[in-house]
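The lines below spell out each chain.
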Amino acid sequence: QVQLVESGGGLVQAGGSLRLSCAASGRTFSNYAMGWFRQAPGKEREFVAAISFGGGNTYYADSVKGRFTISRDNAKNTVYLQMNSLKPEDTAVYYCAADSRWGTSWFYSNHHDYWGQGTQVTVSS
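From a predicted model like this one, the values you see are computed outputs, not experimental measurements.

Conventions adopted
- Residues numbered from 1 in each chain as written.
- Predicted model: local features only at pLDDT ≥ 70, side-chain atom pairs only at ≥ 80, totals over all residues.
- Heavy atoms only, no water.
- 1 Å grid on protein atoms, 1.4 Å probe; cavity = no way out; pocket = protein on both sides within 12 Å on 5 of 7 lines; lining within 4 Å.
- Points joined across faces, edges and corners; volume = space filled by probe spheres on them.
- Nonpolar A, V, L, I, M, F, W, Y, C, P; charged D, E, K, R; others polar.
- Salt bridge = Lys/Arg side-chain N within 4 Å of Asp/Glu carboxyl O.
- Helix = DSSP H or I, 4+ residues; strand = E, 2+ residues; numbered from the N terminus.
- Buried < 20%, exposed > 50% of the residue type's maximum accessible area, 1.4 Å probe, protein only.
- Pairing = 2+ DSSP bridges.
- Axes fitted to C-alpha atoms, helices over the stretch in contact; angles between N-to-C directions.
- Phe/Tyr/Trp six-rings, centres within 6.5 Å; stacked < 30°, edge-to-face > 60°.
- Lys NZ or Arg CZ within 6 Å of the ring centre and 35° of its normal.
- Core = buried A, V, L, I, M, F, W, Y, C linked by side-chain atoms within 4.5 Å.
- Contact = heavy atoms within 4.5 Å.

1. Regarding empty space enclosed by the protein
Line of reasoning, step 1. Evaluation of the coordinates by the stated rule reveals 1 cavity of 30 Å³ or more.
Line of reasoning, step 2. Lining of the largest cavity is provided by Val 2, Leu 4, Ala 24, Arg 27, Phe 29, Tyr 32, Met 34 and Ala 98.
Line of reasoning, step 3. Grouping the constituent residues of the lining of the largest cavity by class yields 7 nonpolar, no polar and 1 charged.

2. Quick look at the pattern of salt bridges
Line of reasoning, step 1. Counted under the stated rule, the structure contains 6 salt bridges.
Line of reasoning, step 2. For the salt bridge of Arg 101 with Asp 99, the shortest nitrogen-to-oxygen distance reads 2.8 Å.
Line of reasoning, step 3. Among the charged side chains, a network of salt bridges with common partners joins Arg 38, Glu 46, Arg 67 and Asp 90.

3. Some points on unusual backbone geometry
Line of reasoning, step 1. If you check the backbone angles, Asn 77 has positive phi at about 55 degrees while not being a glycine.
Line of reasoning, step 2. Locating Asn 77 in the fold gives a position in the loop between strand E7 (68–73) and strand E8 (78–83).
Line of reasoning, step 3. Residue Asn 77 is classed as partly exposed on the basis of its relative accessible area of 27%.
Line of reasoning, step 4. In the Ramachandran plot, Ser 85 falls in the positive-phi region, its phi being about 50 degrees despite a non-glycine side chain.
Line of reasoning, step 5. Note that Ser 85 resides in the loop between E8 and strand E9 (92–99).

4. Regarding the pairing of strand E1 (residues 3–7)
Line of reasoning, step 1. The alternating pattern of E1 places Leu 4 and Glu 6 on a buried face and Gln 3, Val 5 and Ser 7 on a face that is not buried.
Line of reasoning, step 2. With 5 bridges joining them, E1 and strand E3 (residues 18–25) adopt antiparallel strand pairing. The residue of E3 that forms the bridge with Val 5 is Ala 23.

5. Considerations on the sheet that holds E7
Across a sheet, strands are paired by hydrogen bonds formed along the backbone, either parallel or antiparallel in direction.
Line of reasoning, step 1. Taken together, the 4 strands give an open sheet; going across it, the order is E1-E3-E8-E7, and neighbouring strands pair in antiparallel fashion. Either end of the sheet is taken by a strand with one partner, and the two such strands are E1 and E7. Across this sheet, the average inter-strand angle for adjacent strands is 15 degrees, counted without regard to direction.
Line of reasoning, step 2. Direction of pairing for E3 relative to E8: antiparallel, over a ladder of 6 bridges.

6. Some details on the packing of aromatic side chains
Line of reasoning, step 1. This model, assessed by the stated rule, comprises 8 aromatic pairs.
Line of reasoning, step 2. Considering the side-chain rings of Trp 102 and Trp 106, the 6.5 Å spacing of their centres and the 45 degrees angle between planes classify their relative orientation as tilted.
Line of reasoning, step 3. Overall, Trp 102 belongs to the partly exposed group, its relative accessible area being 26%.
Line of reasoning, step 4. Here the guanidinium or amino end of Arg 45 rests over the ring plane of Tyr 95, the centre of that ring lying 3.8 Å away.

7. Some points on the nonpolar core
What tends to happen in soluble globular proteins is that the nonpolar side chains get buried as a cluster.
Line of reasoning, step 1. Grouped together as the largest cluster of nonpolar side chains are 37 residues, with contacts concentrated most on Leu 4, Met 34, Trp 36, Leu 81, Met 83 and Tyr 94.
Line of reasoning, step 2. Contributions of two or more residues to this core are made by E3, strand E4 (33–39), strand E5 (46–51), strand E6 (58–60), E7, E8, E9 and strand E11 (119–124).
Line of reasoning, step 3. Leaving out residues up to four positions away in the same chain, Tyr 94 has contacts with Glu 6, Leu 20, Trp 36, Phe 37, Arg 38, Val 48, Phe 68, Leu 81, Met 83, Gly 118, Thr 119 and Val 121.

This is how it looks when you write it as structure tokens:
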């Protein structure tokens, strides 16, 4: 089992920044690709970003490309999502996910091995 705990959410004005963290425990962190998803009220959960086992490869949704950066620190068992130039449409609950698989399925699949409980991000206009 892998336990994932997100933190760093909050209320921010449009144009501002937040950094989300997801701390993992339970199994060897570097054996898992990690990703971030989000779900806004009344909408389906959508892919945001993902990072490979060692951090050498990343994927981003078009809606966040150039504004968000995913990174990981395998020594700290933590994955981060730096969010800049935030927009009201970024408002959602953000979830991190862990998966022993890496590939383009991160863009379209919500079937991942482990999920965190989520952290709320609210961007005011």
